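Summary of the model geometry
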Amino acid sequence: MDTAAAKPASTPAEGRRVLVLQGGGALGSYQAGAYQALCEHDFEPQWLAGISIGAINAAIIAGNPREQRVAKLKEFWELASSPVPWQPLLHDDRVHSLFNEASAALTAAFGVPGFFTPRFPPPLLFPPLETTSLSYYDTTPLRATLQRLVDFDRINDNAATTRLSVGAVNIVSGNFCYFDNTRQKIGPEHIMASAALPPGFPAIEIEGEFYWDGGIASNTPLDYVLEQETVDDLLIFQVDLFSARGELPETLLEAAEREKDIRFSSRTRLNTDKNKQIHNTRKALRDLIDKLPDELRNDPAYAILHEAAEENTVSVVHLIYRKRNYEASSKDYDFSRLNMIEHWKSGEQDVHLSMRHPDWLQQPQDGETMVTFDLTKEAFK
């Protein structure tokens, strides 16, 4: 029986570095910009976990050598955000909002290059039970794009050093499923399954099972990361594309956007608070069992409690995209070049702002074993 005390926690900056990427469609260029800035601060993730567009960004990062990753991300986002034939003439919120709605309408009508195209004839004209009758768009172009931009041999060969986990939902069972290169060989179909948001995109078949976008169950992989790793200390940058907090809407359009933010934020703050409570409860349990007299340490219950009390130190730095006044509920399918560049720059700026704060480099204090930081929220007040 191992009764040795748990190993002392390292400082979070020395822990295993994890990049967690939420789903959010066209907003995903924010994640790409954040990754570029993290590289400038020498944060190189050892584990990438993503859902939906986060899975696509994660695959591009994991599937390329470090010196090519940013360039490949730019190639994808420039392909997926071909410029529209006109640009807003006035730089005020009303005109920008009209431009965004027009751009989103063009995306809905014509699709996105290298990503998805509208089905013709429309799906309602296909016979029932055919996969073509279950989605408005065809994502075959995405497979070709992934095969061109992602070296899947590298992903599968690099499992020991760069872990990749992407989440999807099994349509029949309704169960959440993670495809992980430490457990299986990852291919384009696993990334496409994670990004198969119905009814827009078709289900993806993998080994006889059909999968949809993981975001319909949970839009962030944070819980998976914390459940899978309970030994090594973790420094996690969680890049979210929807903010759980927002203002009371005043119009129907604002109400639609606020509903989407709440739905896809996956209750980020609730999840992190829950995990903080679990972590700190484990520490309290460990402190308690360490006070047990020696004669109780051979009791079978001691071994069970000792194992349950093992925990690591976790620091989570939140990077949350916060909408602009001119954005509406179409923001996640507005693939205009103008907004792609803006989202990318926002990701860079938020990382640089976060890096000005030394707080996240410190070891958790006051007996805590998990701490969370949102170091950019002050900039949006």
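For clarity, every value in this text was computed on a predicted model and none was experimentally measured. (Residues numbered from 1 in each chain as written. Predicted model: local features only at pLDDT ≥ 70, side-chain atom pairs only at ≥ 80, totals over all residues. Heavy atoms only, no water.)

1. Let's talk about the confidence of the model for the protein chain
Residues at a pLDDT of 70 or more form 85% of the protein chain, whose mean pLDDT is 84. Here residues 1-10 scores under 50 on pLDDT; set against residues more than four positions off or in separate chains, the count is 17 contacts. (pLDDT = per-residue confidence, 0-100. Contact = heavy atoms within 4.5 Å.)

2. Considerations on the packing of aromatic side chains
Counted according to the given criterion, the structure contains 16 aromatic pairs. Where Tyr 178 meets Tyr 224, the ring centres are 3.9 Å apart and the plane angle is 15 degrees; that geometry is what we call stacked. Of this pair, Tyr 178 sits in strand β6 (residues 176-180) while Tyr 224 is found in helix α8 (residues 222-228), placing the two residues 46 residues apart along the sequence. Overall, Tyr 178 belongs to the buried group, its relative accessible area being 12%. Taking the relative accessible area as the measure of exposure, Tyr 224 reaches 7% and is therefore buried. By the ring-pair criterion, three or more aromatic residues cluster together here, those being Phe 76, Trp 77, Phe 115, Phe 116, Tyr 137, Phe 201 and Phe 335. Cation over ring: Arg 163 sits above Trp 47, and NZ or CZ is 4.1 Å from the ring centre. (Phe/Tyr/Trp six-rings, centres within 6.5 Å; stacked < 30°, edge-to-face > 60°. Helix = DSSP H or I, 4+ residues; strand = E, 2+ residues; numbered from the N terminus. Buried < 20%, exposed > 50% of the residue type's maximum accessible area, 1.4 Å probe, protein only. Lys NZ or Arg CZ within 6 Å of the ring centre and 35° of its normal.)

3. Brief notes about the packing of helix α1 (residues 29-40) against helix α12 (residues 337-354)
Look at α1 against α12: their axes get within 7 Å of each other, and the N-to-C directions meet at 40 degrees. Here α1 is positioned oblique relative to α12, judged by the angle of their axes. Relative to α12, α1 is oriented so that their crossing is right-handed. Within the contact between the two elements, α1 uses Ser 29, Tyr 30, Ala 32, Gly 33, Ala 34, Gln 36, Ala 37, Leu 38 and Glu 40 and α12 uses Asn 339, Met 340, His 343, Trp 344, Ser 346, Gly 347, Glu 348, Asp 350, Val 351 and His 352. Across the contact of α1 with α12, the residue classes break down as 8 nonpolar, 8 polar and 3 charged. (Axes fitted to C-alpha atoms, helices over the stretch in contact; angles between N-to-C directions. Parallel < 35°, antiparallel > 145°, perpendicular 65-115°, else oblique. Left-handed = near helix turned anticlockwise from the far one by under 90°. Nonpolar A, V, L, I, M, F, W, Y, C, P; charged D, E, K, R; others polar.)

4. Quick look at helix α3 (residues 66-79)
Between the first and last C-alpha of α3 there are 21 Å, a value that for 14 residues agrees with the 20 Å anticipated at 1.5 Å per step. If you check which residues of α3 are buried, you get Arg 69, Val 70, Leu 73, Phe 76 and Trp 77. One face of α3 carries all of its buried residues, which in axial projection span an arc of 125 degrees. (Expected span 1.5 Å × (residues − 1). Arc of directions from axis to C-beta.)

5. Brief notes about the pattern of salt bridges
Here the structure, examined in full by the defined rule, presents 13 salt bridges. The partner of Glu 229 in a salt bridge is Arg 16, with the nearest N and O atoms 3.5 Å apart. Placement of Glu 229 in the loop between α8 and β9 (234-240) and of Arg 16 in strand β1 (residues 16-21) is noted, with a sequence separation of 213 residues between them. Arg 16 shares its class with Glu 229; the two are buried. Between Arg 66 and Glu 44 there is a salt bridge, and its shortest N-O distance comes to 2.9 Å. Linking Arg 66 in helix α3 with Glu 44 in the loop between α1 and β2 (47-51), this pair joins segments that are 22 residues apart in sequence. (Salt bridge = Lys/Arg side-chain N within 4 Å of Asp/Glu carboxyl O.)

6. A few points about the pairing of β6
Here 5 bridges tie strand β5 (residues 163-170) to β6, and the two strands are oriented antiparallel to one another. Counted as the bridge partner of Ser 165 is Asp 180 from β6. Between β5 and β6, which pair antiparallel one after the other, the connecting turn spans 5 residues, and Gly 174 there sits at a positive phi close to 75 degrees. (Pairing = 2+ DSSP bridges.)

7. Some remarks on the nonpolar core
Ranked by size, the top nonpolar core spans 67 residues in total, and within it Leu 19, Ile 56, Phe 76, Phe 115, Leu 164, Ile 191 and Phe 237 carry the most contacts. Setting aside anything within four residues of it in sequence, one finds Leu 19 in contact with Tyr 35, Leu 38, Pro 45, Trp 47, Leu 48, Ala 49, Ile 61, Phe 237 and Val 239. Listed in part, the 15 residues of the second largest apolar core include Ile 51, Tyr 224, Leu 226 and Ile 236. (Core = buried A, V, L, I, M, F, W, Y, C linked by side-chain atoms within 4.5 Å.)

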